[in-house]
Amino acid sequence: MIDLTQLREHPDTFKASQRARGASESLVDEVLTADASRRSALTAFEAARAEQKGFGKQVAQAKGEEKAALVAQAKELSDRVKALQADADEAEFAFDQALRRLPNLIIDGVPAGGEEDSVELRREGTPRDFTAEGFAPRDHQELGELLGAIDTQRGAKVSGARFYYLTGFGARLELALLTMALDVVERHGFVPTITPTLVKPEIMGGTGFLGEHADEVYRLEADDLFLVGTSEVPLAGYHMDEILDLSGGPKRYAGWSPCYRREAGSYGKDTRGILRVHQFQKVEMFSYVRPEDAEAEHARMLAIQEEMLAKCELAYRVVDIAAGDLGDSAARKYDTEAWIPTQGTYRELTSTSNCTTFQSRRLKVRERGEDGTRPVATLNGTAANTRWLVALLETHQQADGTIRIPEALRPYLGGMTAYGPEGAVHA
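Attention in this report is confined to the structure presented alongside it. (Residues numbered from 1 in each chain as written. Predicted model: local features only at pLDDT ≥ 70, side-chain atom pairs only at ≥ 80, totals over all residues. Heavy atoms only, no water.)

1. Points about the overall build of the protein chain
Secondary structure assignment for the protein chain yields 13 helices and 19 strands. Each principal axis of the C-alpha atoms in the protein chain carries an extent, and together these give about 105 × 45 × 45 Å. A total of 427 residues make up the protein chain; the buried ones form 49% of that total. Intrachain contacts of the protein chain at a sequence separation of at least 6 include 72% that bridge at least 24 residues. As displayed, the protein chain offers around 20200 Å² of accessible surface, 48% of which is attributable to carbon and sulfur atoms. Distance between charge centroids for the protein chain: 3 Å, based on 51 positive and 67 negative side chains. (Helix = DSSP H or I, 4+ residues; strand = E, 2+ residues; numbered from the N terminus. Buried < 20%, exposed > 50% of the residue type's maximum accessible area, 1.4 Å probe, protein only. Contact = heavy atoms within 4.5 Å. Areas by Shrake-Rupley, 256 points an atom, 1.4 Å probe, with all protein chains shown as cover. Lys, Arg positive; Asp, Glu negative; His and termini not counted. Charge placed at Lys NZ, Arg CZ, Asp CG, Glu CD.)

2. Digging into the pattern of salt bridges
Side chains bearing opposite charge may pair, as long as their charged atoms lie close to each other. Applying the stated criterion across every chain yields a total of 28 salt bridges. Between D151 and R154 there is a salt bridge, with the nearest N and O atoms lying 2.7 Å from each other. Across the pair R276 and E263 runs a salt bridge whose closest N-O atoms are separated by 3.3 Å. Of this pair, R276 sits in the loop between β9 (251-260) and β10 (279-289) while E263 sits in the loop between β9 and β10, and the two are 13 residues apart along the sequence. The burial state of R276 is the same as that of E263; both residues are buried. When salt bridges with common partners are traced through the structure, they connect R8, D35, R38, R39 and E92 into a single cluster. (Salt bridge = Lys/Arg side-chain N within 4 Å of Asp/Glu carboxyl O.)

3. A few points about the layout of surface pockets
Taken as a whole, the second largest pocket encloses approximately 290 Å³ of empty space. Together, 18 residues line the second largest pocket, and Q6, N104, P291, T356 and T357 are the ones closest to its centre. Broken down by secondary-structure element, the contributors of at least two residues to the lining of the second largest pocket are α11 (294-311) and α12 (358-363). (1 Å grid on protein atoms, 1.4 Å probe; cavity = no way out; pocket = protein on both sides within 12 Å on 5 of 7 lines; lining within 4 Å. Points joined across faces, edges and corners; volume = space filled by probe spheres on them.)

4. Some words on the packing of aromatic side chains
Across all of its chains, the model carries six aromatic pairs by this definition. With centroids separated by 6.2 Å and ring planes inclined at 85°, the aromatic side chains of Y253 and Y288 adopt a geometry described as edge-to-face. Taken together, the residues Y253 in strand β9 and Y288 in strand β10 connect sequence positions 35 residues apart. Y288 sits in the buried class, given a relative accessible area of 0%. The lysine or arginine in question, R38, covers the ring of F95, its NZ or CZ lying 4.3 Å from the ring centre. (Phe/Tyr/Trp six-rings, centres within 6.5 Å; stacked < 30°, edge-to-face > 60°. Lys NZ or Arg CZ within 6 Å of the ring centre and 35° of its normal.)

5. A closer look at the sheet that holds strand β5 (residues 198-199)
Taken in spatial order, the three strands make up an open sheet running β5-β7-β6, and their pairing is antiparallel. One side of each edge strand has no neighbouring strand; the edge strands of this open sheet are β5 and β6 (218-220). Examined bridge by bridge, β5 and strand β7 (residues 225-227) share two bridges and lie antiparallel to one another. Each residue of the ladder has a partner; that of L198, found in β7, is L227. (Pairing = 2+ DSSP bridges.)

6. Focus on the packing of helix α8 (residues 169-187) against α11
The contact between α8 and α11 brings their axes to 11 Å, and the two run at 140°. Put simply, α8 runs oblique to α11. For the element pair α8 and α11, the recorded crossing hand is right-handed. Mapping the contact onto sequence places L177, M180, A181, V184, V185 and R187 in α8 and I304, E307, M308 and K311 in α11. Broken down by class, the residue content of the contact of α8 with α11 amounts to seven nonpolar, no polar and three charged. (Axes fitted to C-alpha atoms, helices over the stretch in contact; angles between N-to-C directions. Parallel < 35°, antiparallel > 145°, perpendicular 65-115°, else oblique. Left-handed = near helix turned anticlockwise from the far one by under 90°. Nonpolar A, V, L, I, M, F, W, Y, C, P; charged D, E, K, R; others polar.)

Below you can see the structure in the form of structure tokens.
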């Protein structure tokens, strides 16, 4: 969760983090009070248990009436020890519950406030001027229907709202994009991984997804399992309860998986097309690193994401996400947002989060150093997902409905240079 020593010694730092998030400062005091109660209860229990052990030796050495009296006293002492143990267990539980509500400590420099307070760091590329080209762009839904690539009507018929089929070119384009993403991240040292998409409660909770945003998660109650919204979750659990050797550098994984999100609270938002859906495919980067290397790894992940956007020839911007819009586990998050022509704005395609040691403390992932073991830092970042098709289709459309294929993607589509209503085009 968080570093208890740091919390005890610098509570004002955590209160400032809570203020920046727009969250309750009093939670810090609540955790500290629960911590003090827990330690006091544990001390009382351990003292009574030590007394009980010493008293047991007296009983063993006594004889006759003296022994009978001591046995009665021992019974009273045993009852007191049991009561104090129950108090200690209850105090431990209360402390754990309070501590799990406290989000990660944000990194210095993270913008304070909510979503509207996030800071744009830079823009790359120039959005296409369709007016200058003499035609009005179609949105990705219309293009998908024209090309036989996206079918939301049958998706809704079979599964309900916010489900869809990718067919023909749509299916091929998604597979091409994700395969290219896997190749790119593998060149950067990430091990390709196909992950489970059902996880135990301790894994989902350990990554911080059962806190404020628990209503976004699908749960299979009969099996007590959760459907993951990102392969970050099973990758975070991959080394649970392990001591890692990071002497040779970070351990990096790239998880390819379907992802499931309830999209609770988004009623009426982005209902057209595949921008906000309940199921999608994603390639996710995940790193275990030494805490002092976490910020450098964060910058590295962002650079890989920008490499992918450049390969897809998309105009985008990079945003430093405000504290109030971070998840519980993130200490800092950068989003990249691609230009969506028909919306006239930038929309998120990737995010990358530095979770410092928040997840590893919950999941007990450590590394061995000169002074013993310590928690590692964990980071995650999107390499590509289904939502990228929205930007790809809209950005690279031509007046006749044909989609020009970015050069980097062509080898993954059999050398196809474009796809239109008449089918594939090869140069």
